[in-house]
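Structural description and commentary
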Amino acid sequence: MNKTLKIAFTNQSISSFLAYLGYRVSSTRKRLKVVQEFEVYLNSQFTFAELAAFHESIESWWAGNSKYLAINSHEIAGLSIRLYKSEFTLKNEKLTAIGESLASVYLRQRDTLSAALKTIKLGNLTNSNFQVLLKAAQHVKAGNNLGIKIVDKQRGTSASGESSVSLRDFLYGEYVETKRYENPKTVMVKVDIISRHFGHLLDSPIGNINADLVRQWMKSKERKLTKRQLAAGDSLWTLSPSTMKEGICTFRACIQLAKEKGLIKDHDLYSLPRIRVDNQVIRYLSDHEELRLYAAINQRNSLKHEQRARTIEHRMLRRLETPAHLESCHFVDHVSPFIILFKETGIRPGTLFNSKWSDVDLDSKFFRIRKSIDKRGISNVIPLNSLALETLKEWRKHGIHNESASYFKTRMDAWLFPSPANPELQLTTIKKSWDMIIKEAKIENFRLYDLRHDFASKVMMQTGNIYMVSQLLNHQQIETTKRYAHLMDSSRFEAVNTLDKSRQVGALPDFLK
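Rules behind the numbers
- Residues numbered from 1 in each chain as written.
- Predicted model: local features only at pLDDT ≥ 70, side-chain atom pairs only at ≥ 80, totals over all residues.
- Heavy atoms only, no water.
- Helix = DSSP H or I, 4+ residues; strand = E, 2+ residues; numbered from the N terminus.
- Rg over C-alpha atoms; globule rule 2.2 N^0.38 Å.
- Buried < 20%, exposed > 50% of the residue type's maximum accessible area, 1.4 Å probe, protein only.
- Contact = heavy atoms within 4.5 Å.
- Axes fitted to C-alpha atoms, helices over the stretch in contact; angles between N-to-C directions.
- Parallel < 35°, antiparallel > 145°, perpendicular 65-115°, else oblique.
- Phe/Tyr/Trp six-rings, centres within 6.5 Å; stacked < 30°, edge-to-face > 60°.
- Lys NZ or Arg CZ within 6 Å of the ring centre and 35° of its normal.
- Core = buried A, V, L, I, M, F, W, Y, C linked by side-chain atoms within 4.5 Å.
- Salt bridge = Lys/Arg side-chain N within 4 Å of Asp/Glu carboxyl O.
- Left-handed = near helix turned anticlockwise from the far one by under 90°.
- Nonpolar A, V, L, I, M, F, W, Y, C, P; charged D, E, K, R; others polar.
- Polar contact = N/O pair within 3.5 Å; in protein donor to acceptor, adjacent residues only side chain to side chain.
- Arc of directions from axis to C-beta.

1. What about the overall build of the protein chain?
- A tally of helices and strands in the protein chain yields 20 helices and ten strands.
- For 513 residues, the compact-globule formula gives about 24 Å, and the C-alpha radius of gyration of the protein chain, at 30 Å, lies well above that figure.
- C-alpha atoms of the protein chain, sized along the principal axes, occupy 100 × 70 × 45 Å.
- Residue burial in the protein chain is summarised as follows: out of 513 residues, 42% are buried.
- For the protein chain, long-range pairs separated by at least 24 residues make up 59% of all intrachain contacts whose partners lie at least 6 apart in sequence.

Below, the structure is given as structure tokens:
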């Protein structure tokens with residue numbers, strides 16, 4: 001935030017300012033006429049040092065290092081405009097607002113009675129309402145109740161207390177701002193879920209949203225089932241039950257936040273029927289499947305080494321630049337170590353992708369999960385078994401880590417799994433390679449994420465300790481881990497086996513006699 005830069009805003013200059021921001025954050029830096037005019041204005045009002053600091057704050061904001069970009073208004077002391085990156089897209093070198101709201105307008109002033117500094121939100125800035133917000137700020141500073149009424153009008157609060165603020169404005173405004181503190185990793189995922197399923201309600205006043213509208217959405221996702229399909233327990237929905245449940249729960253949490261913020265008095269979304277999700281069926285590798293998986297991994301790795309050797313020989317004969325030799329490392333690329341580490345630790349793929357070498361302690365044999373990169377926002381320490389430890393030691397020998405470390409202050413700050421295309425960035429997926437490996441291993445109905453279930457299932461079967469498994473999986477609640485509970489209950493198997501022991505001689509079908 002730049003405290004010295006104060007810009008004289010009008011409805012027209014706001015548009016010029018956004019064009020200037022688009023120019024500063026784009027890669028091509030096209031100087032449109034409106035940009036040149038605004039640049040002349042800035043040069044006439046501020047020093048080179050002030051503009052340099054301002055440009056630095058813009059770059060930090062667009063890189064995601066700042067929560068928002070704040071610009072002070074020249075007209076009224078304490079009046080500022082906050083722009084959030086999540087509310088804008090950069091397309092064709094132009095910065096465009098996703099919704100109607102461009103920014104949030106705040107007024108900071110000292111209370112005359114308590115002498116305490118207070119910050120109040122005047123409303124959401126659009127292309128045409130800055131003068132209205134400016135008038136509201138003037139009245140508030142003067143202690144006039146008219147200013148509060150104008151603020152209430154901007155926030156959309158009616159006399160009945162119900163809000164006329166649209167779902168879109170709330171979603172990309174206060175919702176994103178609040179949820180970013182809870183878990184910045186998932187906030188835009190939740191926004192995308194709500195926009196995808198309830199996009200038809202985005203322009204509706206948030207005070208008008210009720211359970212009947214959600215039931216209409218649910219009705220539109222129903223499919224006609226025959227009696228046999230109903231008897232077989234087929235899903236009633238065109239979407240999977242887990243997707244339906246995710247959409248309703250995320251949307252309900254959004255409306256609940258609006259209630260907590262005082263935008264609405266109450267809502268009836270908790271009256272919606274519960275969606276039953278059968279997530280108790282888990283998939284883990286049998287002994288034969290595990291052997292075939294490692295055979296496919298080893299075969300792929302060997303073939304990749306042979307291909308690398310042939311490429312080097314071919315290019316050397318033609319006196320061309322050759323790729324690096326890999327004699328120092330058994331692994332030809334990231335695929336094998338990633339699969340092995342995921343299988344032996346059960347750490348979520350997204351967490352592994354975003355981990356760094358500083359998260360690994362090879363001497364103490366543990367893997368540290370940072371709170372900031374975990375899906376649930378929970379930090380943890382996962383012990384490394386011998387296979388996981390040796391895999392990490394071998395993977396560390398790969399030449400890509402030297403290249404990746406050149407982009408960071410220390411080697412420990414580099415990514416655990418750098419992108420082969422750009423080692424400055426982290427890896428994001430191995431889906432294509434995984435699909436080929438699982439096909440070669442002839443293992444059916446087994447996703448990459450099922451390796452996490454494989455880890456949990458086998459630890460459960462070996463230890464019978466559900467609380468230990470819950471900690472290793474970094475689950476927030478023990479209820480989530482109970483899907484593996486049946487794997488530790490050997491008494492049920494013993495109970496049915498007593499029937500074989502008590503069976504009469506000859507009481508068997510012919511094929512077993």
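2. What about the packing of helix α6 (residues 167-182) against helix α10 (residues 241-260)?
- The geometry of α6 relative to α10 is characterised by a closest axis approach of 10 Å and an angle of 85° between their N-to-C directions. When the axes of α6 and α10 are compared, the pair comes out roughly perpendicular. For the pair α6 and α10, the contacting residues are L167, F170, L171, Y175, T178 and K179 in the first and T250, F251, C254, I255, L257 and A258 in the second.

3. A few points about unusual backbone geometry
- The phi torsion at K442 lies on the positive side, around 55°, for a residue other than glycine.
- Inspection of the secondary structure assignment puts K442 in the loop between α16 (431-440) and α17 (450-463).

4. Focus on the packing of aromatic side chains
- In this structure the tally under the stated criterion is 18 aromatic pairs.
- Ring geometry for F17 and F54: centres 6.4 Å apart, planes at 20°, overall stacked. Remark: F54 occurs in helix α3 (residues 48-62) and F17 occurs in helix α1 (residues 11-25); sequence separation between them is 37 residues.
- According to the relative accessible area criterion, F17 is buried, its value standing at 3%.
- On the basis of relative accessibility, which here comes to 0%, the residue F54 falls in the buried class.
- Ring centres of W61 and F88 lie 6.5 Å apart, and the angle between their planes is 80°; this geometry places the pair in the edge-to-face category. Highlighted residues: W61 in helix α3 and F88 in strand β4 (residues 88-91), separated in sequence by 27 residues. Of the two residues, W61 and F88, both sit in the buried class.
- Grouping aromatic residues by their ring pairs yields a cluster made of F17, Y20, Y23, F38, Y41 and F54.
- K356 extends its terminal NZ or CZ atom over the ring of W415, reaching a point 4.9 Å from the ring centre.

5. Quick look at the nonpolar core
- Core analysis: the largest hydrophobic core is formed by 49 residues, its most contacted members being L293, I339, L341, F367, L416, W434 and L451.
- Within the residue set of this core, elements represented by two or more residues are α11 (287-317), α12 (335-345), α13 (349-353), β9 (366-369), α14 (386-395), α16, α17 and α18 (466-472).
- Element by element, the count of residues in this core is highest for α12, at six residues.
- Formed by 38 residues, the second largest nonpolar core is a distinct cluster that contains I14, F17, L51 and I71.

6. Quick look at the pattern of salt bridges
- For the structure shown, the criterion picks out 21 salt bridges.
- In this structure, the salt-bridge partner of R168 is D203, at a minimum N-O distance of 3.0 Å. One end of the pair, R168, is in helix α6; the other, D203, is in the loop between α7 (187-197) and α8 (211-220), and 35 residues separate them in sequence.
- Residue R168 is classed as buried on the basis of its relative accessible area of 18%.
- Close ionic contact of E290 with K458 constitutes a salt bridge, the shortest N to O distance being 3.7 Å. Remark: K458 occurs in helix α17 and E290 occurs in helix α11; sequence separation between them is 168 residues.
- Overlapping salt bridges bring together E290, K343, E344, D454 and K458 as one network.

7. Focus: the packing of α8 against α10
- Two elements in contact, α8 and α10, have axes whose closest approach is 12 Å; the angle formed by their N-to-C orientations is 165°. In this view, α8 runs roughly antiparallel relative to α10, as classed from their interaxial angle. Remark: the crossing between α8 and α10 carries right-handed chirality. Each of V214, W217 and M218 in α8 lies in contact with α10, whose residues at this interface are M244, I248 and F251.
- Its residues assigned to classes, the contact of α8 with α10 shows six nonpolar, no polar and no charged.

8. Some words on the side chain of E289
- Turning to its location among the elements, E289 is positioned in helix α11.
- Among the residues examined, E289 registers a relative accessible area of 12% and is labelled buried.
- Among the polar contacts made by the side chain of E289, one reaches the side chain of R283 at a distance of 2.8 Å.
- Not counting residues up to four positions away in its chain, the partners in contact with E289 are R283, Y284 and I443.

9. Focus on α8
- Those residues of α8 not exposed but buried are A211, V214, W217 and M218. On an axial view of α8, the arc spanned by its buried residues comes to 115°, and they lie on one face. Opposite the packed face of α8, turned more than 90 degrees from it, sit the exposed residues Q216 and K219.
- In this fold, the buried residues of α8 make contact with α7 and α10.
- The N-cap residue of α8 is N210: its side-chain oxygen and the backbone nitrogen of D212 are 3.2 Å apart.

10. Thoughts on α16
- Every buried residue of α16 is accounted for by S433, W434, I437 and I438. Taken down its axis, α16 places every buried residue within 125° of arc, on the same side. Structural note: α16 exposes K431, K432, M436 and K439 on the side pointing more than 90 degrees away from its buried face.
- At its buried positions, α16 is contacted by α11, α12 and α17.
- One or two positions beyond α16, positive phi appears at K442, with a value near 55°.

11. A look at the environment of D234
- The topology assignment puts D234 in the loop between α9 (227-231) and α10.
- Note on D234: relative accessible area 35%, which makes it partly exposed.
- In sequence terms D234 and Y20 are 214 residues apart; their C-alpha atoms lie 55 Å from each other.
- Every residue in contact with D234, bar those within four places of it in the chain, is listed here: R223, L225 and Q229.

Everything listed here is a matter of geometry and, on its own, says nothing about what the molecule does.
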